[in-house]
Amino acid sequence: MYDNSVEVEQPFSVCELVLWNPATAEYKTVPAPPNKQAGGVPIFGYDYKIDDYIFVLISYERLVMAVYTLRSNSWKSIEVGPGDGVFVNGTCHWLVGTRDNSKVIVSLDISNEKFVELQLPKEPLENNHLLRNVWVLEGCLSVVNAIGVHSEIWVMQTYGVRESWTKRCVITHSRIIKEMYYLRSMWDFKNGEILLMSGSNLVLFDAISGEPRRLGKMLKGIENYVESLVSLNSGTYVKKRVNTKRKINGRTI
């Protein structure tokens, strides 16, 4: 879902915000964001247009987006934050409503602070299907629509090309559909399985057979992680836990 070369600790009451690279154990304390009422799913990834890592928080109350860049180690505010989104192709994306009660996907170009509209697949729009979520699937921008008792996942195989939208699979399982507003794709596998976060549950969905398998409940939020040696240039590292237990007469104390 994100370019998680670096993991993000996410306390939205914003006592302290920390970036951490598990591969190198380096961490960096980030300055407090300007919008203390930030909420929703954070967006973190590499923006190739500015050659920098960015971290985005949304303030629903003020309709302001706070954007942090790693190189500058500072935040800037951008008006009209449209809600929870995903990071793909070096850009943040959101599914937002329009004045005529339709839906569009918008992307944010951090370099010029401009929102750009991307066209949705024709079939769901022409049939007035309810578009609910925007995902990243197989590294591509994706959208989920609802049709009565089932949902379809559409994938934009060539970024920015409307004709490349392809119906990837159909979800018919009632328990997953019930949690559709809270459904997120976490990872997809070469064998056709998709790891979903359905409410507070982890579900492994077989896109070929259409069968889900519940893996269990989550205690806290979860994100995917891709190992990287990216430096945070902080010079601070998490210390390894020292094992102080000793064995005496065959007993561990």
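Note that the structure is predicted; figures quoted are calculated from it, not measured. (Residues numbered from 1 in each chain as written. Predicted model: local features only at pLDDT ≥ 70, side-chain atom pairs only at ≥ 80, totals over all residues. Heavy atoms only, no water.)

Trainee: What's the story with the side chain of Asn-145 in this structure? I'm lost.
Mentor: Relative to the elements of secondary structure, Asn-145 occurs in strand β13 (residues 140-147). With near-sequence residues (within four places) excluded, Asn-145 lies in contact with Pro-124, His-129, Leu-130, Leu-131, Arg-132, His-150, Ser-151, Glu-152 and Trp-154. (Helix = DSSP H or I, 4+ residues; strand = E, 2+ residues; numbered from the N terminus. Contact = heavy atoms within 4.5 Å.)

Trainee: I'm lost on the nonpolar core in this one. Help?
Mentor: The nonpolar side chains of a soluble globular protein tend to be buried, and buried together. Residues Ile-54, Val-56, Met-65, Val-67, Cys-92 and Trp-94 are the most contacted members of the largest nonpolar core, which totals 15 residues. Elements with a contribution of two residues or more to this core: β5 (52-59), β6 (64-69), β9 (91-97) and β10 (103-109). (Core = buried A, V, L, I, M, F, W, Y, C linked by side-chain atoms within 4.5 Å. Buried < 20%, exposed > 50% of the residue type's maximum accessible area, 1.4 Å probe, protein only.)

Trainee: Would you explain the pattern of salt bridges in this entry?
Mentor: Pairing of side chains with opposite charge becomes possible as their charged atoms draw close. With the rule as written, the count across this model stands at 5 salt bridges. The closest approach of N and O atoms between Glu-123 and Lys-167, which form a salt bridge, is 3.6 Å. You can see Glu-123 sitting in helix α1 (residues 122-126) and its partner Lys-167 sitting in strand β15 (residues 165-171), a full 44 residues away along the chain. Between Glu-152 and Lys-167 there is a salt bridge, with its nearest N and O atoms 3.2 Å apart. Pair noted here: Glu-152 is in strand β14 (residues 150-156) and Lys-167 is in strand β15, with a separation of 15 residues, a long-range link. Each member of the salt-bridge network shares a partner with another, and the members are Asp-51, Asp-52 and Arg-71. (Salt bridge = Lys/Arg side-chain N within 4 Å of Asp/Glu carboxyl O.)

Trainee: Help me understand the pairing of strand β18 (residues 201-206), please; the structure alone is not making it clear to me.
Mentor: Side chains on a regular strand alternate between the two faces of the sheet. In terms of residue burial, β18 counts as a mostly covered element, since 5 of its 6 residues are buried. One ladder, built from 6 bridges, connects strand β17 (residues 193-198) with β18; its direction is antiparallel. Following the sheet pairing, Leu-195 is matched in β18 by Leu-204. By the bridge criterion, 5 bridges tie β18 to strand β19 (residues 212-217) in an arrangement that is antiparallel. Residue Phe-205 lies in a different strand from β19, and its bridge partner there is Pro-212. Taken together, β18 and the strand that follows it, β19, pair antiparallel across an intervening segment of 5 residues, in which Gly-210 is found at a positive phi of about 80 degrees. (Pairing = 2+ DSSP bridges.)

Trainee: What's the story with the sheet that holds β9 in this structure? I'm lost.
Mentor: Pairing between the strands of a sheet comes from backbone hydrogen bonds, and it takes one of two forms, parallel or antiparallel. Within the open sheet, the 4 strands sit side by side as β8-β9-β10-β11. Their pairing is antiparallel. Strands at the two margins of the open sheet, each flanked by one partner only, are β8 (85-88) and β11 (114-118). Going from strand to strand, the sheet's axes swing by 35 degrees on average, the running direction of each strand aside. Bridge count between β10 and β11: 5 bridges; the pairing is antiparallel. In the strand pairing of β11, Ile-105 is matched with Leu-118. (Axes fitted to C-alpha atoms, helices over the stretch in contact; angles between N-to-C directions.)

Trainee: Even after reading the chapter, I still don't get the confidence of the model for the protein, so can you show me in this structure?
Mentor: The predicted coordinates ought not to be read in detail in places where the model reports low pLDDT. Of the residues in the protein, 75% reach a pLDDT of 70 or more, and the chain-wide mean stands at 77. Here strand β1 (residues 7-9) is the element of the protein with the lowest mean pLDDT, 47, and strand β3 (residues 26-30) is the one with the highest, 91. (pLDDT = per-residue confidence, 0-100.)

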